[in-house]
Amino acid sequence: MTDVKFNVAYTTDLLIFGIDSRKNANTRSLPKKFFSILLVKRNKEPFMNKWCLPGGFISIYEASIDASSRVLKKETGLENVYMQQLRVNDSVDRDPRGRVVSVSYMALIDRTLLSSDLSEEASWFDIEVSEDKDMYQISLTNGEDNINFEVKRVAIDLKSEEYSYDVIKKGDLAFDHEKLIIEGIMALRDKVNKTDIVFNLMPQEFTIGELKQVYELILNKKLINSAFRRTIADKVILTDKMIQTGGHRPSVLCMYNENKEK
């Protein structure tokens, strides 16, 4: 058998998720939380002027995690934030330039930490997910551009709750980034259900109401107050500080309980 030699490019794609608060039109209501993702507009072919995930080629001198950290710092100025490898994306037709294998990472940030403006080609897009059984409609908007796509969840192995996500309707993103985004959202949702990962999206101090909003945004469902408080009872500690929230009674500020029993 003759060996066939071909070149493979090695890249990283970074899903930078963030949470921010905006004043509610109803001054008696809590500030509203928004779940968002950072996208950048391409300034060259392929997919000129299309939105995509931040990323780039990995040099022969760096590991994929180092390349992702480099991309994160370039786009947000942040270092030492939570970052997790999601998966290797190696579909043969994912890039028109040739065979390109990408390692995707998820970074979670509290957007209040951002001290400088984004670059001209970058923008935060609010995420909304509508679900009907195994069908998902995802809407991304930054106030000017709207990106909508539809995805079908396909069971790979029900015993292990393993699924794949097929893009039924593309949303004008570059490459295969619709697929990467839904995979990232679902991976984050799974982690929020099973771990304390959500606190990487929170400021150091927060109210129970704010924390509940973030859980609801990511899980895409309303939570019962009493059940939620039981769920997070050992995850937070109360401070001696209070904050006025709208027309409500002052709320106690909390912190993540780093010393809770595992």
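Definitions and limits used
Residues numbered from 1 in each chain as written. Predicted model: local features only at pLDDT ≥ 70, side-chain atom pairs only at ≥ 80, totals over all residues. Heavy atoms only, no water. Patch = residues over 30% accessible without salt bridge, like charges linked within 9 Å, V, L, I, M, F, W, Y side chains within 5 Å. Areas by Shrake-Rupley, 256 points an atom, 1.4 Å probe, with all protein chains shown as cover. Salt bridge = Lys/Arg side-chain N within 4 Å of Asp/Glu carboxyl O. Helix = DSSP H or I, 4+ residues; strand = E, 2+ residues; numbered from the N terminus. Buried < 20%, exposed > 50% of the residue type's maximum accessible area, 1.4 Å probe, protein only. Phe/Tyr/Trp six-rings, centres within 6.5 Å; stacked < 30°, edge-to-face > 60°. Pairing = 2+ DSSP bridges. Core = buried A, V, L, I, M, F, W, Y, C linked by side-chain atoms within 4.5 Å. Contact = heavy atoms within 4.5 Å. 1 Å grid on protein atoms, 1.4 Å probe; cavity = no way out; pocket = protein on both sides within 12 Å on 5 of 7 lines; lining within 4 Å. Points joined across faces, edges and corners; volume = space filled by probe spheres on them. Nonpolar A, V, L, I, M, F, W, Y, C, P; charged D, E, K, R; others polar.

Student: Requested: an account of a nonpolar patch on the surface, with residues and values cited.
Tutor: A cluster of nonpolar side chains, Leu238, Met242 and Val252, forms an exposed patch at the surface whose accessible area comes to about 290 Å². Among the secondary structure elements, valine 252 is positioned in strand 12 (residues 251-256).

Student: Break down the pattern of salt bridges for me, citing the residues and quoting the values.
Tutor: For the structure shown, the criterion picks out 21 salt bridges. The partner of glutamate 79 in a salt bridge is lysine 73, with the nearest N and O atoms 3.7 Å apart. The exposure class assigned to lysine 73 is partly exposed, which follows from its relative accessible area of 44%.

Student: Could you give an account of the packing of aromatic side chains, naming the residues involved and the relevant values?
Tutor: Under the definition given, this model contains seven aromatic pairs. Geometrically, the ring pair formed by phenylalanine 47 and phenylalanine 175 is edge-to-face, given 4.8 Å between the ring centres and 65° between the ring planes. Of this pair, phenylalanine 47 sits in the loop between strand 2 (32-41) and strand 3 (51-52) while phenylalanine 175 sits in the loop between strand 10 (162-169) and helix 2 (177-194), placing them 128 residues apart in sequence. Its relative accessible area of 28% is what places phenylalanine 47 among the partly exposed residues. With a relative accessible area of 12%, phenylalanine 175 lands in the buried category. Centre to centre, the rings of tyrosine 136 and tyrosine 165 are 6.2 Å apart; their planes meet at 70°, and the pair counts as edge-to-face. With tyrosine 136 in strand 8 (residues 135-141) and tyrosine 165 in strand 10, the pair connects residues that are 29 residues apart, well separated along the chain.

Student: Before we move on, can you summarise the pairing of strand 8 with the specific residues and values?
Tutor: Residue alternation in strand 8 divides its side chains into a buried set, Tyr136, Ile138 and Leu140, and an unburied set, Met135, Gln137, Ser139 and Thr141. Bridge count for strand 7 (residues 122-132) against strand 8 is seven bridges, and the pairing is antiparallel. Each bridged residue has a counterpart across the sheet, and for glutamate 131 the counterpart in strand 8 is tyrosine 136. Between strand 7 and strand 8, which pair antiparallel one after the other, the connecting turn spans two residues, and lysine 133 there sits at a positive phi close to 60°. For strand 8 and strand 9 (residues 146-157), the ladder comprises seven bridges, and the chain directions are antiparallel. In the strand pairing of strand 9, isoleucine 138 is matched with phenylalanine 149. Counting the residues in the hairpin turn of strand 8 and strand 9 gives four residues, including glycine 143, whose phi is positive at 95°.

Student: Requested: an account of the nonpolar core, with residues and values cited.
Tutor: By size, the foremost hydrophobic cluster in this structure holds 44 residues, and its most contacted members are Phe17, Ile37, Leu39, Leu140, Ile181 and Leu211. Elements supplying a minimum of two residues to this core: strand 1 (9-22), strand 2, strand 6 (100-110), strand 7, strand 8, strand 9, helix 2 and helix 3 (208-219). If you tally residues by element for this core, the top one is helix 2, at seven residues. Residue contacts for isoleucine 37: discarding those within four places in its chain leaves Leu15, Ile16, Phe17, Leu53, Ser123, Trp124, Phe125, Ile127, Leu140 and Ile181. Grouped together as the second largest cluster of nonpolar side chains are 18 residues, Val40, Leu72, Ala107 and Ala122 included.

Student: Residues and numbers for the environment of leucine 15, please.
Tutor: With respect to the helices, strands and loops of the structure, leucine 15 is situated in strand 1. For leucine 15, a relative accessible area of 0% gives the class buried. A sequence separation of 39 residues divides leucine 15 from proline 54, and the C-alpha atoms of the two residues are 7.4 Å apart. When neighbours within four sequence positions are excluded, leucine 15 is seen to be in contact with Ile37, Leu53, Leu86, Ser104, Tyr105, Met106, Ala107, Leu180, Ile181 and Gly184.

Student: Give me the lowdown on unusual backbone geometry, citing residues and values where you can.
Tutor: In the segment running from glutamate 45 into proline 46, the intervening peptide bond is cis, with an omega of -5°. Phi is positive for lysine 133, which is not a glycine, with a value near 60°. On the secondary structure map, lysine 133 appears in the loop between strand 7 and strand 8. Unusually for a residue other than glycine, phenylalanine 175 sits at a positive phi of about 55°.

Student: Mind laying out the layout of surface pockets, listing which residues take part and the relevant values?
Tutor: Counted as a void, the largest pocket has a volume near 690 Å³. Along the wall of the largest pocket there are 24 residues; nearest its centre are Glu161, Tyr165, Met186, Ala187 and Asp190. Elements represented by at least two residues in the lining of the largest pocket include exactly strand 5 (82-89), strand 9, strand 10 and helix 2. A total of 10 residues in the lining of the largest pocket trace back to one element, the largest contributor, which is helix 2. Tallied by class, the residues present in the lining of the largest pocket amount to seven nonpolar, six polar and 11 charged. Lining the second largest pocket are 25 residues, with Arg42, Lys44, Cys52, Gly55 and Gly56 sitting closest to its centre. Where the lining of the second largest pocket is concerned, the elements lending two or more residues are strand 1, strand 2, strand 4 (55-57) and helix 1 (64-76). With four residues, the top contributor of residues to the lining of the second largest pocket is helix 1. Grouping the constituent residues of the lining of the second largest pocket by class yields eight nonpolar, six polar and 11 charged.

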